[in-house]
Amino acid sequence: EPEVTQTPSHQVTQMGQEVILRCVPISNHLYFYWYRQILGQKVEFLVSFYNNEISEKSEIFDDQFSVERPDGSNFTLKIRSTKLEDSAMYFCASRTGQGLSYEQYFGPGTRLTVT
Amino acid sequence: GENVEQHPSTLSVQEGDSAVIKCTYSDSASNYFPWYKQELGKRPQLIIDIRSNVGEKKDQRIAVTLNKTAKHFSLHITETQPEDSAVYFCAASRFSGGYNKLIFGAGTRLAVHP
(Lines give C-alpha, C1' and ligand atoms only; values in the text may rest on other atoms or scores of the structure.)
Protein backbone atom coordinates (compact mmCIF):
# COMPACT_ATOMS: atom_id res chain seq x y z
CA GLU A 1 0.00 0.00 0.00
CA PRO A 2 1.38 3.44 -0.91
CA GLU A 3 2.56 5.55 2.01
CA VAL A 4 3.53 9.14 2.66
CA THR A 5 7.26 9.36 3.35
CA GLN A 6 9.20 12.06 5.17
CA THR A 7 12.86 12.90 5.46
CA PRO A 8 14.81 13.25 7.60
CA SER A 9 13.33 11.29 10.49
CA HIS A 10 15.21 13.49 12.94
CA GLN A 11 16.73 16.93 12.36
CA VAL A 12 18.82 18.78 14.90
CA THR A 13 19.53 22.44 14.20
CA GLN A 14 20.80 25.46 16.01
CA MET A 15 18.56 28.38 16.87
CA GLY A 16 18.44 30.88 14.02
CA GLN A 17 19.19 28.36 11.31
CA GLU A 18 16.88 27.45 8.46
CA VAL A 19 15.57 23.92 7.99
CA ILE A 20 13.70 22.22 5.19
CA LEU A 21 11.52 19.25 5.98
CA ARG A 22 10.70 17.04 3.06
CA CYS A 23 7.66 14.95 2.28
CA VAL A 24 6.69 12.72 -0.60
CA PRO A 25 2.90 12.44 -0.65
CA ILE A 26 1.08 9.49 -2.15
CA SER A 27 1.47 9.84 -5.89
CA ASN A 28 -2.10 10.49 -7.06
CA HIS A 29 -3.08 12.69 -4.13
CA LEU A 30 -4.04 16.30 -4.70
CA TYR A 31 -4.26 17.84 -1.22
CA PHE A 32 -1.28 18.22 1.08
CA TYR A 33 -0.97 19.24 4.70
CA TRP A 34 1.55 19.94 7.42
CA TYR A 35 0.80 19.40 11.09
CA ARG A 36 3.03 19.61 14.11
CA GLN A 37 2.98 18.08 17.56
CA ILE A 38 4.98 19.64 20.36
CA LEU A 39 5.97 16.99 22.89
CA GLY A 40 3.09 16.22 25.20
CA GLN A 41 0.64 18.41 23.29
CA LYS A 42 -1.99 17.86 20.66
CA VAL A 43 -1.43 17.64 16.93
CA GLU A 44 -1.89 21.13 15.42
CA PHE A 45 -2.76 22.07 11.86
CA LEU A 46 -0.22 24.31 10.13
CA VAL A 47 -1.13 24.58 6.47
CA SER A 48 -2.98 22.96 3.59
CA PHE A 49 -1.91 23.12 -0.05
CA TYR A 50 -3.80 22.46 -3.25
CA ASN A 51 -3.23 23.28 -6.90
CA ASN A 52 0.15 24.80 -6.14
CA GLU A 53 -1.06 27.27 -3.60
CA ILE A 54 -1.86 27.50 0.07
CA SER A 55 -5.55 26.87 0.64
CA GLU A 56 -5.60 27.48 4.37
CA LYS A 57 -3.12 28.24 7.13
CA SER A 58 -3.24 28.52 10.88
CA GLU A 59 -2.12 31.36 13.09
CA ILE A 60 1.05 29.37 13.77
CA PHE A 61 1.98 29.51 10.09
CA ASP A 62 3.47 32.99 10.00
CA ASP A 63 6.17 34.50 7.81
CA GLN A 64 8.72 32.18 9.38
CA PHE A 65 7.18 29.27 7.52
CA SER A 66 6.75 28.50 3.85
CA VAL A 67 5.71 25.51 1.78
CA GLU A 68 6.58 24.48 -1.71
CA ARG A 69 5.92 21.73 -4.18
CA PRO A 70 9.12 22.05 -6.21
CA ASP A 71 8.36 19.13 -8.51
CA GLY A 72 5.69 16.55 -9.10
CA SER A 73 6.53 14.47 -6.06
CA ASN A 74 8.00 16.50 -3.19
CA PHE A 75 6.23 18.79 -0.74
CA THR A 76 8.49 20.80 1.56
CA LEU A 77 8.13 22.87 4.70
CA LYS A 78 10.78 25.53 5.25
CA ILE A 79 11.27 27.07 8.65
CA ARG A 80 13.43 30.17 8.66
CA SER A 81 15.35 31.41 11.67
CA THR A 82 14.32 28.51 13.91
CA LYS A 83 13.42 29.12 17.53
CA LEU A 84 13.56 26.79 20.50
CA GLU A 85 9.77 26.59 20.50
CA ASP A 86 9.80 25.18 16.96
CA SER A 87 11.03 21.90 18.41
CA ALA A 88 8.28 19.40 17.62
CA MET A 89 7.31 16.43 15.50
CA TYR A 90 6.22 17.63 12.07
CA PHE A 91 3.78 15.45 10.16
CA CYS A 92 3.01 15.67 6.48
CA ALA A 93 -0.31 14.31 5.23
CA SER A 94 -1.99 13.91 1.88
CA ARG A 95 -5.48 13.25 0.60
CA THR A 96 -6.66 11.99 -2.73
CA GLY A 97 -9.39 14.55 -3.44
CA GLN A 98 -11.09 12.06 -5.71
CA GLY A 99 -14.06 9.87 -5.01
CA LEU A 100 -15.76 9.94 -1.65
CA SER A 101 -12.78 9.54 0.67
CA TYR A 102 -11.96 12.32 3.10
CA GLU A 103 -9.08 10.40 4.67
CA GLN A 104 -5.78 12.14 5.26
CA TYR A 105 -2.80 9.79 5.16
CA PHE A 106 0.00 10.74 7.50
CA GLY A 107 3.72 10.34 7.09
CA PRO A 108 5.92 9.00 9.90
CA GLY A 109 6.98 12.50 10.93
CA THR A 110 10.21 14.45 11.27
CA ARG A 111 11.35 15.19 14.77
CA LEU A 112 12.88 18.66 14.78
CA THR A 113 15.11 19.59 17.69
CA VAL A 114 16.25 23.21 17.93
CA THR A 115 19.16 23.77 20.31
CA GLY B 1 -11.94 29.31 18.01
CA GLU B 2 -12.12 25.72 16.88
CA ASN B 3 -11.38 23.23 19.60
CA VAL B 4 -11.75 19.53 20.32
CA GLU B 5 -11.70 18.22 23.86
CA GLN B 6 -10.88 14.54 24.41
CA HIS B 7 -11.32 12.40 27.52
CA PRO B 8 -9.87 10.51 29.23
CA SER B 9 -6.21 11.25 28.68
CA THR B 10 -5.27 7.74 29.81
CA LEU B 11 -7.34 4.58 29.93
CA SER B 12 -6.35 1.22 31.31
CA VAL B 13 -8.49 -1.85 30.71
CA GLN B 14 -8.23 -5.60 31.00
CA GLU B 15 -8.10 -7.67 27.85
CA GLY B 16 -11.61 -8.44 26.70
CA ASP B 17 -13.16 -5.36 28.31
CA SER B 18 -14.61 -2.46 26.35
CA ALA B 19 -13.01 0.96 26.05
CA VAL B 20 -14.78 4.23 25.39
CA ILE B 21 -13.14 7.51 24.45
CA LYS B 22 -15.18 10.70 24.22
CA CYS B 23 -14.68 13.93 22.31
CA THR B 24 -16.49 17.24 22.17
CA TYR B 25 -16.09 19.76 19.39
CA SER B 26 -16.82 23.46 19.32
CA ASP B 27 -17.40 24.25 15.63
CA SER B 28 -21.02 23.42 14.88
CA ALA B 29 -20.19 23.39 11.15
CA SER B 30 -17.90 20.37 11.59
CA ASN B 31 -19.11 17.50 9.45
CA TYR B 32 -16.31 14.94 9.40
CA PHE B 33 -14.94 13.12 12.45
CA PRO B 34 -12.02 10.72 12.03
CA TRP B 35 -10.27 8.66 14.68
CA TYR B 36 -6.57 7.94 14.39
CA LYS B 37 -4.50 5.32 16.18
CA GLN B 38 -0.83 6.00 16.78
CA GLU B 39 1.42 3.24 18.02
CA LEU B 40 4.71 4.17 19.62
CA GLY B 41 7.10 5.59 17.05
CA LYS B 42 4.69 5.13 14.16
CA ARG B 43 2.51 7.38 12.07
CA PRO B 44 -1.12 8.15 12.95
CA GLN B 45 -3.41 5.81 11.06
CA LEU B 46 -7.11 6.21 10.44
CA ILE B 47 -9.14 3.49 12.11
CA ILE B 48 -12.65 4.75 11.54
CA ASP B 49 -14.41 7.93 10.54
CA ILE B 50 -17.96 9.24 10.51
CA ARG B 51 -19.74 12.03 8.69
CA SER B 52 -22.39 14.25 10.12
CA ASN B 53 -25.21 12.66 8.15
CA VAL B 54 -24.73 9.43 10.09
CA GLY B 55 -25.27 8.81 13.81
CA GLU B 56 -23.28 5.61 14.18
CA LYS B 57 -20.78 3.54 12.26
CA LYS B 58 -19.30 0.18 13.09
CA ASP B 59 -16.34 -1.78 11.79
CA GLN B 60 -15.84 -5.13 13.53
CA ARG B 61 -14.80 -4.33 17.14
CA ILE B 62 -14.73 -0.59 16.61
CA ALA B 63 -17.70 1.76 16.55
CA VAL B 64 -18.14 5.51 16.55
CA THR B 65 -21.23 7.42 17.59
CA LEU B 66 -22.04 11.03 16.85
CA ASN B 67 -24.45 13.36 18.63
CA LYS B 68 -24.58 16.52 16.53
CA THR B 69 -26.92 18.32 18.88
CA ALA B 70 -24.58 17.91 21.82
CA LYS B 71 -21.48 18.13 19.61
CA HIS B 72 -20.16 14.89 21.06
CA PHE B 73 -18.66 11.87 19.38
CA SER B 74 -17.26 8.72 20.90
CA LEU B 75 -15.08 5.75 20.01
CA HIS B 76 -16.06 2.36 21.33
CA ILE B 77 -13.69 -0.61 21.22
CA THR B 78 -15.13 -3.94 22.29
CA GLU B 79 -13.26 -7.13 23.25
CA THR B 80 -10.03 -5.20 23.62
CA GLN B 81 -6.75 -6.94 22.85
CA PRO B 82 -3.18 -6.05 23.86
CA GLU B 83 -2.49 -4.89 20.30
CA ASP B 84 -5.13 -2.19 20.76
CA SER B 85 -2.69 -0.46 23.13
CA ALA B 86 -1.80 2.86 21.52
CA VAL B 87 -2.63 6.56 21.59
CA TYR B 88 -5.98 7.38 20.01
CA PHE B 89 -6.75 10.82 18.60
CA CYS B 90 -10.13 12.15 17.66
CA ALA B 91 -10.44 14.98 15.19
CA ALA B 92 -13.11 17.21 13.73
CA SER B 93 -13.19 18.91 10.39
CA ARG B 94 -15.39 21.27 8.43
CA PHE B 95 -15.22 19.71 5.02
CA SER B 96 -16.06 22.40 2.53
CA GLY B 97 -15.06 22.91 -1.07
CA GLY B 98 -12.50 20.15 -0.82
CA TYR B 99 -10.65 21.73 2.08
CA ASN B 100 -10.61 19.99 5.42
CA LYS B 101 -8.04 20.82 8.06
CA LEU B 102 -8.25 18.46 11.00
CA ILE B 103 -8.62 19.83 14.52
CA PHE B 104 -7.30 17.18 16.89
CA GLY B 105 -8.07 16.26 20.43
CA ALA B 106 -5.22 15.84 22.87
CA GLY B 107 -5.16 12.06 22.59
CA THR B 108 -5.98 9.10 24.84
CA ARG B 109 -3.32 6.62 25.82
CA LEU B 110 -5.02 3.24 25.96
CA ALA B 111 -3.32 0.36 27.75
CA VAL B 112 -4.83 -3.11 27.44
CA HIS B 113 -3.49 -5.52 30.01
CA PRO B 114 -3.45 -9.28 29.35
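The rules behind these values
Within each chain, residue numbers correspond to sequence positions counted from 1 in written order. Working convention: letters from A go to chains and numbers from 1 go to ligands, in the order in which they are written. Per-residue local features are limited, in this predicted model, to residues with pLDDT of at least 70; the limit for side-chain atom pairs, both in listing and counting, is 80 or more; totals at the level of whole chains, interfaces and linings are taken over all residues. Side-chain descriptors were evaluated using all non-hydrogen atoms of the structure, hydrogens and water having been removed beforehand. Buried means the residue's accessible area, taken with a 1.4 Å probe over protein chains only, is under 20% of the maximum for its type, while exposed means over 50%, and partly exposed covers the values in between. Numbered from the N terminus, helices here are DSSP runs of H or I no shorter than four residues, and strands are runs of E no shorter than two. We call two strands paired when DSSP finds no fewer than two bridges between them. Our working definition of a disulfide is a cysteine sulfur pair at a distance within 2.5 Å. In this analysis, axes come from line fits to C-alpha atoms, helices being fitted only over the stretch in contact, and the angle between any two N-to-C directions falls in the range 0 to 180 degrees. Only heavy atoms matter for contacts: two residues are in contact if any of them lie within 4.5 Å across the pair.

Student: Would you take a moment to explain the pairing of strand β11 (residues 108-113) of chain B for this structure?
Tutor: Regular strands show a simple pattern: their side chains alternate between the two faces of the sheet. Residue and element names in this part refer to chain B. Of the two faces of β11, the one lined by T108, L110 and V112 is fully buried and the one lined by R109, A111 and H113 carries no buried residue. Bridge count between strand β2 (residues 10-14) and β11: five bridges; the pairing is parallel. Within β11, the residue paired with L11 across the bridge is L110. Two strands pair when backbone bridges link them, and strand β9 (residues 86-92) and β11 are joined in this way by three bridges, in the antiparallel orientation. Each residue of the ladder has a partner; that of V87, found in β11, is R109.

Student: Before we go on, may I ask you to explain the state of the cysteines in this structure?
Tutor: Such a bond, covalent and formed between the sulfur atoms of two cysteines, is termed a disulfide. Residue and element names in this part refer to chain A. With the rule as written, the count across this model stands at two disulfides over all chains. The side chain of C23 participates in a disulfide bridge whose partner is C92; the two sulfur atoms lie 2.0 Å from each other. On the sign convention where negative means left-handed, the S-S torsion of about -60 degrees between C23 and C92 marks this disulfide as left-handed. With a gap of 69 residues between them, C23 in strand β3 (residues 19-24) and C92 in strand β9 (residues 88-95) connect regions that are remote in the sequence. C92 shares its class with C23; the two are buried.

Student: What is the right way to look at the sheet that holds strand β1 (residues 4-7) of chain B in this model?
Tutor: Two strands in a sheet stick together by hydrogen bonds in their backbones, pointing the same way (parallel) or opposite ways (antiparallel). All names here are of chain B. With antiparallel pairing, five strands are arranged side by side in an open sheet as β1-β3-β8-β7-β6. Since the sheet does not close on itself, it has two edges, and those belong to β1 and β6 (56-59), each with one partner. Strand-to-strand, the axes of this sheet are offset by a mean angle of 15 degrees, without reference to chain direction. Where strand β3 (residues 19-25) meets strand β8 (residues 72-77), six bridges bridge the pair, whose relative direction is antiparallel. Paired with K22 across the strands is S74, a residue of β8.

Student: Where do I start with the side chain of S48 of chain A in this structure?
Tutor: Residue and element names in this part refer to chain A. Summarising the element assignment, S48 is placed in strand β5 (residues 43-50). For S48, a relative accessible area of 3% translates into the label buried. Once residues lying within four places of it in the same chain are set aside, the contact partners of S48 are F32, Y33, E53, I54, S55 and E56.

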